[in-house]
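# Descriptive structure summary
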Amino acid sequence: MAPVATTPANGNSESGRFEVKKSVEITQLANPFYSPVGEEDNDDTYQYAKYKPSFPKLDWEPLQEQPITHRGLQADPNKKALFSAAQKVKHLTPAIGSEILGLDLRQISDTQKDELALLVAERGVVFFRNQAINIHEQLELARYFGPLHKHATTPVPREPGLEEVHIVYYDPASKRPDTTAFSKLELFHSDVTYEIQPPGVTSLKLITSPEVGGDTIWSSGYALYSSLSPGFQKYLEGLSAVHSAVAQAQGSRAAGLHVRRQEIETIHPVVRVHPVTGWKSVFVNPGFTRRIVGVPKSESDNVLQFLFTQISESPDFQVRYKWETNDIAFWDNRVVMHSAIFDFWPERRHALRATPHGERPLSVEDYERHTGKEAKDRQIEIWKQKGIDVPIASTHSGARGYND
């Protein structure tokens, strides 16, 4: 992506927020991440036509910081109310991903919502199969976790009053994603991390799924942090990075679409601490993180490329979910990245997302200063819970006694 000139808001770079100057018009190929699907035709035969993409010409004010209630802090650590109501709870990998069976999300109590928030904070992403919850109920549930985000560029449903819904939509008429325009690594992201308060507990319901394909991969920022050497962990904890909305806004303008809020760039810590678990997570992503602040460009480029590669290519950090129609996922954008797999064209894939804001990300130093608590490494804490002595870093090279 070509560099874009930015200037600090009010001339103050310490605010962590930048206003973006108008950029030159560019021509872009069909990139499924930065180039939104255009408005569809007037075919109303599709069951969910009222939720197909539209791009109303609206203008929204810049976002301001808002108070957030961390629901997981109120939850029973054993999650008795949530788990006792389910037929089964299963963890899909050691690092990330759980599935809850036999629970109707329309019926859960506030106590169970609190416990769900805690489970999502701990496991990164939680899945529910075959849910009857509709978009209005999904939005109401999402509001319990925080004020809802309205996206500046992506489509909203045709049905009026649903501007807080983010649509994911492809059908046979959509442009086939052009692999000359992007790499698979670049599709990994946490949602809208350029905002001053990026999202927390986010939900996506798939209302129409392709027969095969269209899976989503989530990757754990906790697990990435835990995998690093102590020296590199400490180095990253002292860094901040710029997250940018510029490419997404440019993609919309290149498609002839209106950008509803002026794009910004925001500085966030490279390692953040989850306010509920107290665990450290790497918080950069290929989709929106552009550079590390205050280090040489070559250093920034290489550090980010290493982290991006780990996010996208390390199976130990990942869970891959095969969707079916009416499945819903809840993930914590503070601590996981994700990417859809664009292997389903020309099949239809249609999903609706509700996106509550989280807090402004806290660095390790800020978290410890504000709370008086020590930020933790998730993996070490889990080993301690199991009564396992924390291993000392080995001087051996390569894996031993493992031959799969």
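Quantities reported herein were computed from a predicted structural model and do not represent experimental measurements.

## Quick word on helix α6 (residues 246-254)
Here α6 lies mainly inside the structure; 7 of its 9 residues are buried. Among all positions in α6, only Val 246, Ala 247, Gln 248, Ala 249, Gln 250, Gly 251 and Ser 252 are buried. Of the residues trailing α6, Gly 256 is marked for its positive phi of about 80°.

## Section: empty space enclosed by the protein
Per the stated rule, a full pass over the model turns up 3 cavities of 30 Å³ or more. Space inside the second largest cavity adds up to approximately 110 Å³. Around the second largest cavity, the lining is made up of 14 residues, and of these His 70, Arg 71, Ala 117, Val 201 and Arg 334 lie nearest the centre. Residues belonging to the lining of the second largest cavity are distributed by class as follows: 6 nonpolar, 5 polar and 3 charged.

## Quick notes on the packing of aromatic side chains
In this structure the tally under the stated criterion is 17 aromatic pairs. For the pair Trp 218 and Trp 323, a centre-to-centre distance of 6.3 Å together with 50° between the ring planes defines the contact as tilted. Taken together, the residues span a long stretch of sequence, with Trp 218 in strand β10 (residues 216-220) and Trp 323 in the loop between β16 (318-321) and β17 (328-332) at a distance of 105 residues. Here Tyr 321 and Trp 323 contribute two aromatic rings whose centre-to-centre distance is 5.2 Å and whose plane-to-plane angle is 85°, an arrangement assigned as edge-to-face. What makes Tyr 321 buried here is its relative accessible area of 2%.

## Re the pairing of strand β5 (residues 98-101)
As defined by bridge partners, strand β4 (residues 88-91) adjoins β5 across 4 bridges and the pair is classed as antiparallel. Note on β5: the bridge partner recorded for Val 89 is Ile 100. Between β4 and β5, which pair antiparallel in sequence order, lie 6 residues; one of them, Gly 97, sits at a positive phi of approximately 95°. Relative to strand β6 (residues 125-128), β5 runs parallel, the two being bridged by 3 bridges. Considered in β6, the bridge of Glu 99 is made with Phe 127. Between β5 and its parallel partner β6, the chain crosses via helix α2 (residues 110-123), and the hand of that crossover is right-handed.

## Things to note about the packing of helix α5 (residues 230-237) against helix α7 (residues 297-313)
Interhelical geometry of α5 versus α7 gives an angle of 120° and a closest axis separation of 13 Å. By the angle between their directions, the pair α5 and α7 is classed as oblique. Between α5 and α7 lies a crossing of left-handed hand. Across from Phe 232, Tyr 235 and Leu 236 in α5, the residues of α7 making contact are Glu 299, Val 303, Phe 306 and Leu 307.

Analysis parameters
- Residues numbered from 1 in each chain as written.
- Predicted model: local features only at pLDDT ≥ 70, side-chain atom pairs only at ≥ 80, totals over all residues.
- Heavy atoms only, no water.
- Buried < 20%, exposed > 50% of the residue type's maximum accessible area, 1.4 Å probe, protein only.
- Helix = DSSP H or I, 4+ residues; strand = E, 2+ residues; numbered from the N terminus.
- 1 Å grid on protein atoms, 1.4 Å probe; cavity = no way out; pocket = protein on both sides within 12 Å on 5 of 7 lines; lining within 4 Å.
- Points joined across faces, edges and corners; volume = space filled by probe spheres on them.
- Nonpolar A, V, L, I, M, F, W, Y, C, P; charged D, E, K, R; others polar.
- Phe/Tyr/Trp six-rings, centres within 6.5 Å; stacked < 30°, edge-to-face > 60°.
- Pairing = 2+ DSSP bridges.
- Right-handed = clockwise from strand over helix to strand, strands pointing away.
- Axes fitted to C-alpha atoms, helices over the stretch in contact; angles between N-to-C directions.
- Parallel < 35°, antiparallel > 145°, perpendicular 65-115°, else oblique.
- Left-handed = near helix turned anticlockwise from the far one by under 90°.
- Contact = heavy atoms within 4.5 Å.

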